[in-house]
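# Observations on chain architecture
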Protein chains: 2
Amino acid sequence: MINKMDKRKVNLLVAHGGGPTPVINSSLRGVIEEAALNGVKSLYGARFGIEGVLADEYYDLSDIDAQSLKCMSDTPASVLGSCRRKLCSNDVDVILEKFIANNVRYFFYNGGNDSMDTCNKIAKRAAQKGYDIRVIGIPKTIDNDLALTDHCPGFGSAAKYVAVSAGELMCDVRSLPIHISILEVMGRNAGWLTAAAAIARSSSDMLLYLPEVAFDMDKFIEDINSRYIKGEPLVIVASEGLKYADGKFIGDTGIVDGFGHTVPGGVADVLAQRIRRELTLKVRTEKPGLLGRSSIALRSSVDISEAYEAGAYAVRYALDGGTDRMIALVRLSDSPYKNGFEAVPLEKVAEVEKRFPSEWIDSSGTGVTDDFIKYVRPLIGETIDEYLVL
Amino acid sequence: MINKMDKRKVNLLVAHGGGPTPVINSSLRGVIEEAALNGVKSLYGARFGIEGVLADEYYDLSDIDAQSLKCMSDTPASVLGSCRRKLCSNDVDVILEKFIANNVRYFFYNGGNDSMDTCNKIAKRAAQKGYDIRVIGIPKTIDNDLALTDHCPGFGSAAKYVAVSAGELMCDVRSLPIHISILEVMGRNAGWLTAAAAIARSSSDMLLYLPEVAFDMDKFIEDINSRYIKGEPLVIVASEGLKYADGKFIGDTGIVDGFGHTVPGGVADVLAQRIRRELTLKVRTEKPGLLGRSSIALRSSVDISEAYEAGAYAVRYALDGGTDRMIALVRLSDSPYKNGFEAVPLEKVAEVEKRFPSEWIDSSGTGVTDDFIKYVRPLIGETIDEYLVL
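Every chain is numbered independently, its residues counted from 1 as its sequence is written. Each chain gets a letter, beginning with A, and each ligand a number, beginning with 1, in the order they are written. Note on the predicted model: pLDDT of at least 70 is required for a residue's local features to be given, and 80 or more for side-chain atom pairs to be given and counted; whole-chain, interface and lining totals, by contrast, use all residues. Hydrogens and water are ignored here; the side-chain numbers use all heavy atoms of the structure.

### Some points on the overall build of chain A
A run of H or I in DSSP counts as a helix once it spans at least four residues, and a run of E counts as a strand once it spans at least two, with each numbered from the N terminus. When you go through chain A residue by residue, the secondary structure sums to 12 helices and 13 strands. For the C-alpha atoms alone, the extent of chain A along its principal axes is close to 75 × 40 × 35 Å. Each residue is assigned to one of three classes by its accessible area relative to the maximum for its type, calculated with a 1.4 Å probe on protein chains only: buried under 20%, partly exposed between the two thresholds, exposed over 50%. The buried share among the 390 residues of chain A stands at 60%. Once local pairs closer than 6 in sequence are excluded, the contacts in chain A between residues at least 24 apart make up 75%. The charged-residue count follows a simple rule in which Lys and Arg add positive charge and Asp and Glu add negative charge, with His and chain termini not counted at all. Think of each charge as sitting on NZ of Lys, CZ of Arg, CG of Asp or CD of Glu. For chain A, the centre of its 45 positive side-chain charges and the centre of its 53 negative side-chain charges are spaced 4 Å apart. Note on contacts: a residue pair is in contact if any heavy atoms of the two residues lie within 4.5 Å.

### A word on the confidence of the model for chain A
How sure the predictor is of each residue is captured by pLDDT, a score from 0 to 100. This prediction gives chain A a mean pLDDT of 93; 95% of its residues lie at or above 70. Interface confidence for the predicted complex, given as ipTM, is 0.95, next to a pTM of 0.96.

### Section: the interface of chain B and chain A
Taken residue by residue, the interface counts 57 residues in chain B and 56 residues in chain A. Buried area between chain B and chain A, both sides added, is near 4,500 Å², and the carbon and sulfur share of it is 65%. One speaks of a salt bridge when a side-chain nitrogen belonging to Lys or Arg is within 4 Å of a carboxyl oxygen belonging to Asp or Glu. Where chain B packs against chain A, one counts two salt bridges. Of the charged contacts in the structure, one is a salt bridge between D172(B) and R293(A), with a shortest N-O distance of 2.7 Å. Polar contact criterion, stated in full: a pair of N or O atoms within 3.5 Å, where within protein one must be able to donate a hydrogen and the other to accept it, and residues adjacent in sequence count only if both atoms are side-chain atoms. For the pair chain B and chain A, the number of links is 15 residue pairs in polar contact (both at pLDDT 80 or more). Split into classes, the residues belonging to the side of chain B that touches chain A amount to 29 nonpolar, 14 polar and 14 charged. The quantity reported as buried area is the accessible area (1.4 Å probe) lost by two parts once they are put together, taken as the sum for both. As a working rule, the residues Ala, Val, Leu, Ile, Met, Phe, Trp, Tyr, Cys and Pro are called nonpolar, Asp, Glu, Lys and Arg charged, and the rest polar, with Gly in that last group.

### Examining the relation of the copies chain B and chain A
With an RMSD of 0.0 Å, the operation that places chain B on chain A is a rotation of 180 degrees combined with a shift of 0.0 Å along the axis. Between the two chains, the operation in question is that of a two-fold axis. If distances are taken from each C-alpha of chain B to the rotation axis, the shortest is found for P288(B), at 2.1 Å. In superposing the copies, a least-squares fit is computed on C-alpha atoms, taking residues whose pLDDT is at least 70 in both.

### Thoughts on the pairing of strand β4 (residues 104-111) of chain B
All names here are of chain B. Most of β4 is tucked away: seven of the eight residues are buried. Strands were regarded as paired on the criterion that DSSP finds at least two bridges between them. One ladder, built from six bridges, connects strand β1 (residues 11-16) with β4; its direction is parallel. Bridged to L12 within β4 is Y106. Every crossover in which the path from the first strand over the helix to the second runs clockwise, viewed with the strands pointing away from the viewer, is termed right-handed. Handedness of the β4-helix α5 (residues 113-129)-strand β5 (residues 134-139) crossover: right-handed.

### Side note on helix α4 (residues 89-101) of chain B
Residues and elements named next belong to chain B. How far a helix is expected to stretch is found by multiplying one less than its residue total by 1.5 Å. The terminal C-alpha atoms of α4 lie 19 Å apart, and with 13 residues this matches the ideal 18 Å at 1.5 Å per residue to within 8%. Here α4 has its buried residues at D91, V92, I95, L96, K98 and F99. Buried residues in α4, looked at end-on, bunch into an arc of 160 degrees, giving them a common side. Exposed residues pointing more than 90 degrees away from the buried face of α4 are listed as S89 and E97. Directly after α4, the chain includes N103, whose backbone phi takes a positive value near 55 degrees. Directions pointing from the helix axis toward each C-beta atom define the arc.

### Details of the packing of helix α1 (residues 24-37) of chain B against helix α3 (residues 66-73) of chain B
Helix packing for two helices is described by the angle between their axes and how far apart those axes are. Residues and elements named next belong to chain B. For the pair α1 and α3, interaxial distance at closest approach is 7 Å and the crossing angle is 150 degrees. Here α1 is positioned roughly antiparallel relative to α3, judged by the angle of their axes. For the pair formed by α1 and α3, the contact residues are N25, S26, L28, R29, I32 and E33 on the first element and L69, K70, M72 and S73 on the second. Tallied by class, residues from the contact of α1 with α3 come to four nonpolar, three polar and three charged. Here an angle of 0 to 180 degrees is reported between the N-to-C directions of two axes, which are lines fitted to C-alpha atoms, with helices fitted over the stretch in contact. Put simply, angles under 35 degrees are roughly parallel, angles over 145 are roughly antiparallel, angles from 65 to 115 are roughly perpendicular, and the rest are oblique.

### Some remarks on the sheet that holds strand β8 (residues 234-239) of chain A
Residue and element names in this part refer to chain A. An order of β7-β8-β6-β11 is seen for the four strands of this open sheet, with the pairing classed as parallel. Two strands close off the open sheet at either side, each with one partner strand: β7 (206-209) and β11 (283-286). Between one strand and the next, the sheet's axes are offset by a mean angle of 20 degrees, whatever the strand orientation. Judged from the four bridges that link them, β7 and β8 form a sheet pairing that is parallel. What sits directly across from M206, in β8, is V235.

### Some details on the sheet that holds strand β13 (residues 337-345) of chain B
All names here are of chain B. Read across the sheet, seven strands follow the order β3-β2-β1-β4-β5-β12-β13 without closing on themselves; strand pairing throughout is mixed. Taken across any chain shown, the strands that pair with only one partner, and hence form the sheet edges, are β3 (58-60) and β13. Taken pair by pair, the neighbouring strands of this sheet meet at an average axis angle of 25 degrees, ignoring direction. In this structure, β4 lies alongside β5, joined through six bridges in parallel fashion. Residue pairing across strands places F107 opposite V135, the latter belonging to β5. Lying over the sheet, α1 contacts β1, β2 (43-46), β4 and β5, oriented at roughly 175 degrees with respect to β1. Sitting on the sheet, α5 touches β4, β5 and β12 (325-334), and the angle it makes with β5 is about 170 degrees.

### With respect to the nonpolar core
Generally speaking, soluble globular proteins have nonpolar side chains that are buried together. Judged by nonpolar contacts, the single largest core of 84 residues is most densely connected at L193(A), F356(A), F372(A), L193(B), F356(B) and F372(B). Residues within four places of F356(A) in sequence aside, it is in contact with G191(A), W192(A), A195(A), L210(A), E212(A), I361(A), V368(A) and F372(A). We define the nonpolar core as a collection of buried residues of types Ala, Val, Leu, Ile, Met, Phe, Trp, Tyr and Cys that are connected through side-chain atoms lying within 4.5 Å of one another.

### A look at the packing of α1(B) against helix α11 (residues 301-319) of chain B
All names here are of chain B. The contact between α1 and α11 brings their axes to 7 Å, and the two run at 40 degrees. Here α11 runs oblique to α1, going by the angle between their axes. The handedness of the crossing between α1 and α11 is right-handed. Seen from α1, the contacting residues are S26, S27, R29, G30, V31, E33, E34 and A35; seen from α11, they are I304, A307, Y308, G311, A312, V315 and R316. Across the contact of α1 with α11, the residue classes tally to seven nonpolar, four polar and four charged. What makes a crossing left-handed is the near helix being turned counterclockwise from the far one by less than a right angle; a clockwise turn instead makes it right-handed.

### What about the environment of L207(B)?
Residue and element names in this part refer to chain B. Among the structural elements, L207 can be located in strand β7 (residues 206-209). Sequence-wise, L207 and I182 are 25 residues apart; in three dimensions their C-alpha atoms are separated by 9.4 Å. With sequence-adjacent residues up to four places away left out, L207 is seen in contact with D223, I224, R227, L234, V235, I236, V237 and T366.

### A look at α11(B)
All names here are of chain B. With 19 residues, α11 extends 27 Å between its outermost C-alpha atoms, agreeing within 8% with the 27 Å of an ideal straight helix rising 1.5 Å per residue. For α11, the full list of buried residues reads V302, D303, E306, A307, A310, G311, A312, A314, V315 and A318. Where α11 is buried, its residues meet α1, β4, β5, α6 (155-175), β12 and β13. Positive phi appears at G321, one or two residues downstream of α11, with a value of about 105 degrees.

### Some thoughts on the pattern of salt bridges
If the charged atoms of two oppositely charged side chains come close together, the side chains can form a pair. All names here are of chain A. Overall, the coordinates contain 48 salt bridges over all chains when judged by the stated rule. Between R85 and E51 there is a salt bridge; the shortest N-O distance is 3.3 Å. Linking R85 in the loop between α3 (66-73) and α4 (89-101) with E51 in helix α2 (residues 50-54), this pair joins segments that are 34 residues apart in sequence. The partly exposed category is assigned to E51, whose relative accessible area is 30%. One salt bridge in this structure joins D74 and K70, with 2.5 Å as the shortest N-O distance. A relative accessible area of 22% means that D74 is categorised as partly exposed. Assessed through its relative accessible area of 45%, K70 is described here as partly exposed. A network of salt bridges, in which partner residues are shared, links D6, R8 and K9.

### Structural notes on the side chain of T285(A)
Looking at the element boundaries, T285(A) is found in strand β11. For T285(A), a relative accessible area of 6% translates into the label buried. A distance of 3.0 Å separates polar atoms of two side chains, one belonging to T285(A) and the other to D269(A). A polar atom in the side chain of T285(A) sits 2.7 Å from the side chain of K287(B). Excluding its chain neighbours within four sequence positions, the residues that come into contact with T285(A) are I182(A), A268(A), D269(A), A272(A) and K287(B).

Written out as structure tokens, the structure is:
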């Protein structure tokens, strides 16, 4: 780690914001390799995102060797470190002073809604002050809730994790008679990841509860009760962000994060206790939590490649003079799946949450339509294994 | 599914008992393919273990095709279905009547302690009654708690899951400053799986809590507190079976299973709440639960092969006239790792729990010795990836 950059050089800085994904390091590798290809000599990473900028903590990535780059993209989470700091107005001025002091002329911030807001504020302030810098957001979130992009790097891998896990859980549940399992899935406000379990869904043996549908405990118990009568095995996939109609989380940890967002949790346990009490059934809960965003084995090949390309595209776009934009993914065709990139205005992405579309939720409220499957299927890359059912 | 076998033939029956593993279907494939190689024409699987025998529910596996056999061994959990029925004395007589009525002359029961007890009782009663049948136990348990065998098929894969998960979690925890995660690991009474996290352990950034060490909440809080002062990231790996010195589970669901065993659970949440209350730190919990015993991607190649061979060895042993034995794994050498098989008396295995050896727990009580690493390392097969640390 170093505390200052060589200010005689034109410096490129990259930083990570928010929760990591299993492919965020692939985007970093894309930035580094594309910068090298284009003759950028001086490249740094901020330690723990914006926190590292404010504290002058940087990694010098200018001469990182090929083997380390390969290892980087196969390392879970963020090799730079990330943060959840909500900027106050003063922070933006301090960050700009740091950029000026270190002659940072290219800044890439790889994150979600909140990070794009940070990015937007830095870009706007730099323009106001007349400091010549290219500021580009690279999208990243397992939640897939960023606006103006077909999907986000990180989502495909996390979706694959949920789909494979739901399928494996279904096999386990089928193995022991009268056995219910509740899988708690990440996604504070958006049900994209919970919905991805439907890729593994066979007929009616899985119920999905998305945060976009106001949670009704009576309906939930009735959903289960009607299954139990049929004696079928059952997997319930529940978003950690489930809320009652009044907006209260059903699994509220009482914790508030750095952005002032309530941290939900324990949804599966709340549901399991209710099923045990009202229906006296045997229920288990599984909450892979962070494992769902760090699994290297279950990454999507499409996601790895798109994350890398998003980083590389960001570098080319900035070197061509672009600034104040986020790189967005554009779907060119579904079958065969083909994607492209474009640059969209940061202010249109900042703090906007793209929730799961209501038209992709089926009439039962516990399933999704084929249109969603068509959307999500290419993003998880490889085929999901077919399992033997005797 | 069928309800009776062709009693004019000599029939072979295989059944699964207890919780599944990701390689129990590999043992089944080993039984089926070895039986076919040796000219066995008539082979059945009981649906839901002993429950299927009592209810006359069988799958005819005699003519299963090669593609289905390949698919079988790559299917999570048990394709036959399993059960947790504790035999009463009358059950054994009924089972024997079913075997006689169906001309079952070979019975393979693939399970853990309780299943070996079942197997033992059936073998002894058959001998008493003079019914000529070969009864063989095939070991299976992710918990690795069976006596007289170096290790159990199923353990290597579940151990790899825990080691990889702990390593990935450590990367995530390093990514965000002051961040603690508690990973809850399966294993009711034995800490083998919890200990396997040590494969991913780097220096002092992981604390392991095994059920073999009486849990002391004050020491636990002090363990964490001393880490927090150092400001290090921290992964806590806790067995679901942790107990206080008085034998009470710290995470007691209040549920009792079919064998009269208390079902523990929620250990990570109990610990997290305590840390939040006493140390006001940010803590997350991850409880992959059943996902840890059903992951196909994280199976150990050594485990897949040994599970298969254990099934095949059981068939050869029974066809040679052996009965009333469990197939045990024998370690022939550590490096390079080599194993063999032998047949051990069922009564010496039935209901015995092999707990984690106290000499493999280090003096802190929260770590394991190099001897354990030497023992466990070959069982997980592949090398665990090295991750990039900047």
